[in-house]
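# Analysis of the macromolecular model
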Amino acid sequence: FCDFIKAELCSEVSLLNGAVIKAKHDFEHGQLSFSDLQETLPFPTKLVKVPMSGAVLEAAIRYSRQHGPWGEQKRGFLQTDSGVVIPNPTRSGSFGSEPQSAAERDALDRIESIDGQPFDPKRVYLVALPRNLLKGFCDIVPLLEFARARKSMLPGEDNYIPALEVVVRHACKRIWAQLGTFEQIDTNGDGRISRAELVARMRSVFGQRPSALVLDNLVDAVDID
């Protein structure tokens, strides 16, 4: 999801806290239906983009993963897109054990690189994240301090986009990319793609008929782009 959000919103980094994701099972071969997406991202998570220093970014990630009882799962645990390389990440809850020394803890969750470039704590990165994290949800102190210091520079109340919408839009664009050229879809050559032609092409490429809901989202993705 973070990778989709990053690509669709053209940010340099994407963050999601664990509480917004409600996955109850693994998805075979990484394939999700629209209903799966709705079940996994059930909340109206409002995404915004903000310029943030590398120092604040790393501090927020480290705080979200290490603050509080080690053996408990953390609602604020910040997950990142795959472009953020953290060689030694925290594994809390049932997935790991608490560090035995301050040195071990200090080595956790240090960012090594972002999109293949060495991490620079002084550099400003464009970060996409849930807006409520900047308002105190999950009490991630570095983000709260960041928001208070830059209150007038943060996106307005109506300047956001729902996470589910972002993920669905990007997923639809990826589907379009697999359908081939315009000419391969526009089989009657009239310069327009009808729903029937789209259904036929999807059946040819993916081996099954898409639902009306999927078709609607595919059309919407093209209209937006």
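Residues numbered from 1 in each chain as written. Predicted model: local features only at pLDDT ≥ 70, side-chain atom pairs only at ≥ 80, totals over all residues. Heavy atoms only, no water.

### Here's the deal with the packing of aromatic side chains
- Taken as a whole and assessed by the stated rule, the structure comprises one aromatic pair.
- Pairing Phe119 with Tyr125 gives two aromatic rings, centres 6.1 Å apart and planes at 10 degrees, and the pair type is stacked. Across the pair, exposure class does not vary: Phe119 and Tyr125 are buried alike.
- The aromatic ring of Tyr160 is capped on one face by Lys46, whose charged end is 4.8 Å from the ring centroid. (Phe/Tyr/Trp six-rings, centres within 6.5 Å; stacked < 30°, edge-to-face > 60°. Buried < 20%, exposed > 50% of the residue type's maximum accessible area, 1.4 Å probe, protein only. Lys NZ or Arg CZ within 6 Å of the ring centre and 35° of its normal.)

### Observations concerning the sheet that holds strand E7 (residues 124-130)
- Read across the open sheet, the five strands follow the order E3-E1-E7-E2-E8; overall the sheet is mixed. With one partner strand each, in any of the chains shown, strand E3 (78-80) and strand E8 (161-162) form the two edges of the open sheet.
- Relative to E7, strand E2 (residues 46-53) runs antiparallel, the two being bridged by seven bridges. When the bridges of E7 are listed, Val48 appears paired with Leu129.
- Sheet contacts for helix H5 (residues 141-149): E2, E3 and E7; angle to E2, the most-contacted strand, approximately 80 degrees. (Pairing = 2+ DSSP bridges. Helix = DSSP H or I, 4+ residues; strand = E, 2+ residues; numbered from the N terminus. Contact = heavy atoms within 4.5 Å. Axes fitted to C-alpha atoms, helices over the stretch in contact; angles between N-to-C directions.)

### Some details on the pairing of E7
- Here E7 lies mainly inside the structure; five of its seven residues are buried.
- Two elements, strand E1 (residues 13-17) and E7, share two bridges in a ladder whose sense is parallel. Counterpart to Ser14 in the pairing with E7 is Ala128.

### Brief notes about the sheet that holds strand E5 (residues 113-114)
- In space, the three strands of this open sheet follow the order E4-E5-E6, with antiparallel pairing throughout. Either end of the sheet is taken by a strand with one partner, and the two such strands are strand E4 (84-85) and strand E6 (117-118).
- Where E5 meets E6, two bridges bridge the pair, whose relative direction is antiparallel. Paired with Ser113 across the bridge in E6 is Pro118.

### Digging into the packing of helix H6 (residues 163-178) against helix H8 (residues 195-206)
- With their axes 10 Å apart at the nearest point, H6 and H8 run at an angle of 80 degrees to one another. The angle between H6 and H8 places the two elements in the roughly perpendicular class. Only Leu198, Met202, Val205 and Phe206 of H8 make contact with H6, whose side of the interface consists of Ile175, Trp176 and Gln178.
- Considering only residue class, the contact of H6 with H8 consists of six nonpolar, one polar and no charged. (Parallel < 35°, antiparallel > 145°, perpendicular 65-115°, else oblique. Nonpolar A, V, L, I, M, F, W, Y, C, P; charged D, E, K, R; others polar.)

### Description of the packing of helix H1 (residues 2-9) against H6
- The N-to-C vectors of H1 and H6 enclose an angle of 80 degrees; their axes lie 9 Å apart at closest approach. Of the possible angle classes, the one that applies to H1 and H6 is roughly perpendicular. Residues Phe4, Ile5, Ala7, Glu8 and Leu9 of H1 lie in contact with H6, whose contacting residues are Val166, Val167, Arg169, His170, Ala171, Lys173 and Arg174.
- Each residue belonging to the contact of H1 with H6 can be placed in one class, and the counts come to seven nonpolar, one polar and four charged.

### Some remarks on the environment of Trp176
- Position of Trp176 among the secondary structure elements: in helix H6.
- Looking at Trp176, the relative accessible area reads 17%, which means it is buried.
- In the structure, Trp176 is positioned 43 residues away from Val219 in sequence and 9.8 Å away in space, judged by C-alpha atoms.
- Within the structure, Trp176 has its side chain in polar contact with the backbone oxygen of Leu218 (distance 2.9 Å). (Polar contact = N/O pair within 3.5 Å; in protein donor to acceptor, adjacent residues only side chain to side chain.)

Don't take any of this as a statement about function, it's just geometry.
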